[in-house]
Amino acid sequence: MNFNLSDEQQMLRDMLESFLRDRFPFEARRAQVRSTATESAIWSAFANELQILGTSLPENVGGLGGGPTENMIVMEELGKALSIEPWLSTIIMAGALLRDAGAKAQETMAAVVDGTAIVVPAFDYFPGSFGKDDAGVSIAANDGGFRLSGKIPVVRDAARATHFVVLAKDAGGGQALVIVAADAPGLELKTYQLVDGVGCADLSLNGVEVEESAIVARGEEAADRMAEAFNAGVVGLCAEALGIQRMLLQWTVEYAKQRQQFGRPIGEFQVLQHRMARMLIKVEETVSMTYLATAHLENRTSERAKIASAAKVMIDQAGLFVGQQAVQIHGGMGMSKELPIADYLSRLNVIAQQLGSTDFHFGRYEASSFEKKAALPVTA
Amino acid sequence: MDVSFTAEEEAFRREIRAFIAAEYPQSLRDALANGAEPTRENYLTWMRILAKKGWLAASWPKEYGGPGWSLTQQQIFRDELEDADTIRTASMGIAMCGPVIRQFGTAEQKARFLPPMVNAESWWCQGFSEPGAGSDLASIRTRAERVVGDDGKEYYRVNGQKTWTTLAQHADWGFFLVRTDPDAKKQKGISFLLIDMASPGIQVRPIETLGGDREVNEVWLEDVMVPIENRVHDENEGWTCAKFLLEHERSAIADVSRTKRRVKNLRALADERHDERGSVMSDAPAFRRKIAQLEIELIALEATNFRALTDASNGRDPGPLMSMLKTRGSEIAQSTFELTQEAAGPYGMVTPAPESGGIQPIGPRTGVRAADHYLNSRKLSIYGGSNEIQLTIIAKTALSL
């Protein structure tokens, strides 16, 4: 057993950390969130300057053959900077859905690696969430090709997508994963922003036509790919939450040392010292669970889904504690948008609902712990 | 990153497991099955078997009579001992005093005191806390004055009172913190003495506590004559020894292996016992959720423990992780006792009459004395540096507050 990073992995971390510190200060984030531009200078730099988009992707799409550990490192750094780049959607989740899935998938992911395509899985919250009971996409054969119709709510990063990967069901209930170009006729996006600043959309597919080659997986294989993408996405979120928590703790401790009340720094009050020690404990537990879940993905163990859900539960709980206490100890300044604290808490708050709520993951953990033979649900 | 064990480590685990299966006495299992308080002989029976195999001082290097195992092997060993529900080995010598003697003792002290520890021939207790010195340990007042004895040799004459001394009633030897310089500032005037518990002037009196078993004692010392060569490290350097020892104590105190076993017992109990609605506890959604919360916290604790192990194996100081392990380890263990009591319900509330050798269970065996054990577990967040002390250590050392 080991949780050690290789020298290359350590270099990736250092490089990305210093890049984001220099090029993505918090004002840049504020500006990016306010802008409606779909281009991102940071993503372009990932493709061209740092050339890291293929770090965790296989060599057959021009990647470097890394995996979950590289994704964990990147997500933690993106979390620290509160970046809104679509690494989770495009590199981790679409990467898992499309890995070794035929020519069309390979060609699409190769375009991701060189920065010309952004592929977004057209699910994040699941069909049926938010009370949108009409959600779901059907697929039917049509004139040598196929037609897709239906709705998918709350697709993260949708505004920046060049391609979507859609999960569709045929009349017999069989599943298929289908690549759909974002500019395909019949595809409509209703876009909006969430409290964490990320652009989302409700997708409507009104008879979108695709060729057979666009279907990258069917049946059990499609379900397996969904499960892999889902687990990898959950663990990616954990790493992002870790980065966010680290910054909140660091800023809170700095603030408590400098903020004077009753003639001394508030950090001298034991009640706040113990609160911050509790925050550190939560952050360290988040480290432990993120590493553990990543190592389970890396080893492809039979427990990886269970551990991913355990990690999500623990990290959702830790994130809310750390975020709420960061605001509390900053007092009014923690509420104010003058500091980034409020934005960081907003993101943690969304993470606790993203890719399955805390409750959903409790249920998924319990299904695996109490009913050994039952298959783990991917969707609720 | 890797979560698998190597083939050698798996083989090592099988070897340990096979040894325990073959050598752990059924008579010992039977003697303790009904929640009887273990006797000195119960403890020593298993300690002697391990000692004969060379595994009692599991954490020790070969040169001192240990097996020389890696930290990972030691963890596997602990996991297997606990998983097999074996009786605990008395650890004050091996885990606490022994390392201090190895680190600070003279060649003579090592030769005299270490082999009996390794061979299960000496039982040690810890004389640190006093009525006026708990969390504020450095304020101890037990006094040791240098005197010349009737035989013309130099001695410390020790007077004072120690308290919360675990299993002192069984001990052959004790390691004590005593004040050798009353004028020096708190930590400065303390020395570390090894005292023969059979010395004239020592009185051990039991303290009755929550949970019922006789675990802790008061130890009174009246004009106890301790040869000067029983002092470890220099005079007034006792605090250095104590700090070193407390670090060791804290690492074992996370108690991951034992809590894992207890959670297994809890799960078995919850599968067996029916609640007021007539379904087994394991099928009650609210109870399941509590167990899931506990298991998830335990998974995180084990991973943190493993990180500390990795740091220590690589020669890095795990630092505040140790205080964190103590805090969370004790809290998670307490949750386990709480849920076990809840799962056992009325069956867990039966308590033995004093000196009765256990109870006649009225329900599932895994629920035997659940209430006593829950009550007893409140100590976990108090001893070994209370959790509040640990939080202060974390705030000072990790956050520089």
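Basis of the calculations
Residues numbered from 1 in each chain as written. Chains lettered and ligands numbered in written order. Predicted model: local features only at pLDDT ≥ 70, side-chain atom pairs only at ≥ 80, totals over all residues. Heavy atoms only, no water. UniProt positions renumbered as here; feature names shortened; annotations may be inferred. Helix = DSSP H or I, 4+ residues; strand = E, 2+ residues; numbered from the N terminus. Contact = heavy atoms within 4.5 Å. Buried area = accessible area lost by both parts, 1.4 Å probe. Salt bridge = Lys/Arg side-chain N within 4 Å of Asp/Glu carboxyl O. Polar contact = N/O pair within 3.5 Å; in protein donor to acceptor, adjacent residues only side chain to side chain. Domains from an automatic or database assignment. Axes fitted to C-alpha atoms, helices over the stretch in contact; angles between N-to-C directions. Parallel < 35°, antiparallel > 145°, perpendicular 65-115°, else oblique. Left-handed = near helix turned anticlockwise from the far one by under 90°. Nonpolar A, V, L, I, M, F, W, Y, C, P; charged D, E, K, R; others polar. Phe/Tyr/Trp six-rings, centres within 6.5 Å; stacked < 30°, edge-to-face > 60°. Buried < 20%, exposed > 50% of the residue type's maximum accessible area, 1.4 Å probe, protein only.

As annotated in an unreviewed UniProt entry, chain A is Acyl-CoA dehydrogenase short-chain specific from Novosphingobium colocasiae. UniProt's Sequence similarities (unreviewed entry) comment on chain A is quoted here verbatim: "Belongs to the acyl-CoA dehydrogenase family." Quoted straight from UniProt, the Cofactor (unreviewed entry) entry for chain A says "FAD".

Undergrad: Where do I start with the environment of B:Asp85 in this structure?
TA: All names here are of chain B. The residue Asp85 is located in the loop between helix H4 (71-83) and helix H5 (92-104) in this model. In sequence terms Asp85 and Ala133 are 48 residues apart; their C-alpha atoms lie 35 Å from each other. Aside from chain neighbours lying at most four places away, what touches Asp85 is Tyr24, Arg29, Arg261 and Asn265.

Undergrad: Explain the UniProt feature "domain: Acyl-CoA dehydrogenase/oxidase N-terminal" (unreviewed entry) in chain A to me, please; I cannot follow it from the model alone.
TA: This chain's UniProt record puts "domain: Acyl-CoA dehydrogenase/oxidase N-terminal" (unreviewed entry) on residues 6-106 of chain A. Across residues 6-106 of chain A, the secondary structure splits into 63% helix and 0% strand, with the terminal C-alpha atoms separated by 28 Å.

Undergrad: Explain the interface of chain B and chain A to me, please; I cannot follow it from the model alone.
TA: Often, the extent of an interface is quoted as the loss of accessible area upon association of its parts. Listed per partner, the contact involves 39 residues of chain B and 45 residues of chain A. Summed over both sides, the interface of chain B with chain A buries roughly 4000 Å², with 64% coming from carbon and sulfur. Here chain B and chain A share 5 salt bridges between them. Ionic pairing is found between B:Arg289 and A:Asp359, a salt bridge with its closest N-O pair at 3.2 Å. If you look at where chain B meets chain A, you find 17 residue pairs in polar contact (both at pLDDT 80 or more). Elements with a minimum of two residues in the side of chain B that touches chain A: helix H9 (285-313), helix H10 (320-344) and helix H12 (387-397) of chain B.

Undergrad: Help me out: how do you make sense of the domain arrangement of chain A in this one?
TA: All names here are of chain A. What the domain assignment lists for chain A is domain 1 (7-117), domain 2 (129-218) and domain 3 (221-370). Its C-alpha centre places domain 1 at a distance of 23 Å from the equivalent point of domain 2. Listed by partner, the interface residues are 18 residues for domain 1 and 16 residues for domain 2. Summed over both sides, the interface between domain 1 and domain 2 buries roughly 1300 Å², with carbon and sulfur atoms accounting for 61% of that surface. Taken as a group, Thr38, Leu97 and Lys104 account for 33% of the area that domain 1 buries against domain 2, more than any other trio of residues on that side.

Undergrad: Just to check I follow, could you spell out the packing of helix H7 (residues 219-258) of chain A against helix H12 (residues 358-370) of chain A for this structure?
TA: In a pair of packed helices, the angle between the axes and the distance between the axes together describe the arrangement. Residue and element names in this part refer to chain A. The contact between H7 and H12 brings their axes to 14 Å, and the two run at 125 degrees. Here H7 lies oblique to H12, going by the angle between them. The two elements H7 and H12 meet at a crossing, and its hand is left-handed. Taken together, the residues of H12 that come into contact with H7 (itself represented by Phe230, Asn231 and Val234) are Phe360, His361 and Arg364. A breakdown of the residues in the contact of H7 with H12 according to their chemical character gives 3 nonpolar, 2 polar and 1 charged.

Undergrad: Looking at this model, I keep getting lost on the UniProt feature "domain: Acyl-CoA dehydrogenase/oxidase C-terminal" (unreviewed entry) in chain A. Mind explaining?
TA: Mapped onto this structure's residue numbering, the UniProt feature "domain: Acyl-CoA dehydrogenase/oxidase C-terminal" (unreviewed entry) falls at residues 226-358 of chain A. When the span residues 226-358 of chain A is considered, its composition is 79% helix and 3% strand, and the gap between its end C-alpha atoms is 19 Å.

Undergrad: Got a minute to help me understand the domain arrangement of chain B in this structure?
TA: Residues and elements named next belong to chain B. Segmentation of chain B into domains returns domain 1 (7-89), domain 2 (124-237) and domain 3 (253-397). Each of domain 2 and domain 3 has a C-alpha centre, and the two are 32 Å apart. When domain 2 packs against domain 3, close to 550 Å² is buried across both sides, 42% of that on carbon and sulfur atoms. Between the two partners, domain 2 and domain 3, sit 2 salt bridges. At the boundary of domain 2 and domain 3, one finds 4 residue pairs in polar contact (both at pLDDT 80 or more).

Undergrad: How should I be thinking about the packing of aromatic side chains in this particular structure?
TA: The geometry of an aromatic ring pair is captured by two quantities: the separation of the ring centres and the angle between the planes. All names here are of chain B. Inspection of every chain in the model, using the stated rule, returns 26 aromatic pairs over all chains. Between the aromatic rings of Tyr43 and Trp123, the centroid separation amounts to 5.4 Å while the plane-to-plane angle is 80 degrees, which identifies the pairing as edge-to-face. Highlighted residues: Tyr43 in helix H3 (residues 40-53) and Trp123 in the loop between helix H6 (107-118) and strand S1 (124-127), separated in sequence by 80 residues. Taking the relative accessible area as the measure of exposure, Trp123 reaches 3% and is therefore buried. Geometrically, the ring pair formed by Trp55 and Phe77 is edge-to-face, given 5.9 Å between the ring centres and 80 degrees between the ring planes. Note that Trp55 is positioned in the loop between H3 and H4 and Phe77 in helix H4, a separation of 22 residues in sequence. Given a relative accessible area of 4%, Phe77 falls into the buried group.

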